[in-house]
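Observations on the three-dimensional arrangement
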Amino acid sequence: MGDFTLIGLIDVDGKLPNLALMKISSYYKAAGKQVEFAQPGKRYDKVYISSLFTWNKPKVEKLLQLYSNAEVGGTGKDIHKVLPDEIEACKPDYGLYTVADILPRIKGGIATKESKTKKAATIINAGMGFTSRGCVRNCGFCFVPPKEGSFRQVTSIGELLNPRSNVLILMDNNLTADPDCIDKLHEIRDRGLVVDISQGIDVRLLTPEIAQALSEVKHLRSLHYAWDLMGFEQQVMDGIKLLSKFVKKWRHMCYMLTGYNTTFEEDMYRFRRLTEIGIRPYVMPYNLTYPTKKHHCFASWVNSRKHTVCSFEEYEPWVKAQSGYEQLSMI
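All of the points below concern the structure found in this document. Just so it is clear, the structure is predicted and the values come from calculations on it, not from any experiment.

Some remarks on the overall build of the protein chain
Helix and strand counts for the protein chain come out as twelve helices and 13 strands. The C-alpha radius of gyration computed for the protein chain amounts to 21 Å, which stays within 12% of the reference 20 Å derived for 331 residues, consistent with globular compactness. Each principal axis of the C-alpha distribution contributes one length, and for the protein chain these read about 60 × 60 × 40 Å. Put simply, of all contacts in the protein chain between residues at least 6 apart along the chain, 72% involve residues at least 24 apart. Put simply, the protein chain shows about 17300 Å² of open surface, and 54% of that area lies on carbon and sulfur atoms. One finds the centroid of the 44 positive side-chain charges in the protein chain at a distance of 5 Å from the centroid of its 37 negative side-chain charges.

Right under this line is the structure:
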């Protein structure tokens, strides 16, 4: 990987600590090198940049102008780039991130600074990683199939744990498609772990046995799943009904992809269908084709839970957006 002495890391985006950068840090520190998050104006022998989201490509390009010796990875830049085997095999450097690094990522909302600080501490002390890679699905909007390929096992629950905590951030892309799903959930239960299934579950693949196993583990946050395409309505509804027999609905959250291949009317239909059955929706905009102010306001109205106090037609940002559009059209 080169004879470098001072290594700079840049984490462009994401709320969680960056697993790839943590492994790069472990690799170089084990070789006796100095590793730190890159500081503006400081010279480094090598810089590693990780970007998760495609909308940050302009930011990455600016960073490449500042650091001619930088290497970029992550789905935001190149979905086919992977870590070298010797780095991928490293355990993450759980000392890389501090509470101060994570706090700005979880800003917003009504939580107090004290509770956010506690949440940030939980995140940096958690174990994290994948026990499986790939997915059995082939959704057109998802990077996982072209990036990771077919479903396969990569490591065990025990190998992901951080000795500082009993919290595990499990990053598997489709846990409910895993033939070992129930065994892994039972291991999480038996170890007394608190788990965050960060990528959610595929509620369409639930069985009573998986639903029961999910109910027997402690979850760090909501148990979340997605309803992305209109054609899967019945499968999603059946999965929610089954899960609700084992996990109370207030512990559910359903992500809704918008701006991909649904109309605004279909987005509103999914929102109403979910709220009618007592499930909290959360709008996730498709980052390549999410163009309209109406869709932006819709996401804000749903995710901020303003829908509980006013209709979308009464939502102030949408009212103002319409007024601005009308004024522009009169010029």
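So, next bit.
Section: the pattern of salt bridges
Enumeration according to the criterion identifies 18 salt bridges in this entry. A salt bridge links Asp 202 to Arg 204; its shortest N-O distance comes to 3.0 Å. The class for Asp 202 is buried, based on a relative accessible area of 8%. Judged by its relative accessible area of 22%, Arg 204 is partly exposed. In this structure, Glu 316 engages Lys 320 in a salt bridge whose closest nitrogen and oxygen atoms are separated by 3.1 Å. Remark: Lys 320 and Glu 316 occur in helix 12 (residues 316-330); sequence separation between them is four residues, near one turn of the helix.

Points about the packing of helix 7 (residues 181-190) against helix 8 (residues 208-215)
The geometry of helix 7 relative to helix 8 is characterised by a closest axis approach of 9 Å and an angle of 15 degrees between their N-to-C directions. On the basis of their axis angle, the class for helix 7 and helix 8 is roughly parallel. Regarding helix 7 and helix 8, the two cross each other, and that crossing is left-handed. When helix 7 is examined against helix 8, the residues Cys 181, Ile 182, Leu 185 and His 186 are found in contact with a partner set consisting of Glu 209, Ile 210, Ala 213 and Leu 214.

Remarks on the pairing of strand 2 (residues 34-37)
As defined by bridge partners, strand 1 (residues 6-11) adjoins strand 2 across four bridges and the pair is classed as parallel. Residue pairing for strand 2: Leu 9 is matched across the bridge by Phe 37. Each parallel crossover has a hand, and the one from strand 1 via helix 1 (residues 19-30) to strand 2 is right-handed.

A short note on the sheet that holds strand 10 (residues 218-219)
As summarised here, the arrangement of the four strands in space is 5-8-9-10, forming an open sheet in which the pairing is parallel. Edge positions in the sheet fall to strand 5 (127-129) and strand 10, since each of these pairs with one other strand and no more. Relative to strand 9 (residues 194-197), strand 8 (residues 167-170) runs parallel, the two sharing four bridges. Looking across to strand 9, one finds that Ile 169 is bridged to Asp 196.

Reading guide: rules and limits
- Residues numbered from 1 in each chain as written.
- Predicted model: local features only at pLDDT ≥ 70, side-chain atom pairs only at ≥ 80, totals over all residues.
- Heavy atoms only, no water.
- Helix = DSSP H or I, 4+ residues; strand = E, 2+ residues; numbered from the N terminus.
- Rg over C-alpha atoms; globule rule 2.2 N^0.38 Å.
- Contact = heavy atoms within 4.5 Å.
- Areas by Shrake-Rupley, 256 points an atom, 1.4 Å probe, with all protein chains shown as cover.
- Lys, Arg positive; Asp, Glu negative; His and termini not counted.
- Charge placed at Lys NZ, Arg CZ, Asp CG, Glu CD.
- Salt bridge = Lys/Arg side-chain N within 4 Å of Asp/Glu carboxyl O.
- Buried < 20%, exposed > 50% of the residue type's maximum accessible area, 1.4 Å probe, protein only.
- Axes fitted to C-alpha atoms, helices over the stretch in contact; angles between N-to-C directions.
- Parallel < 35°, antiparallel > 145°, perpendicular 65-115°, else oblique.
- Left-handed = near helix turned anticlockwise from the far one by under 90°.
- Pairing = 2+ DSSP bridges.
- Right-handed = clockwise from strand over helix to strand, strands pointing away.

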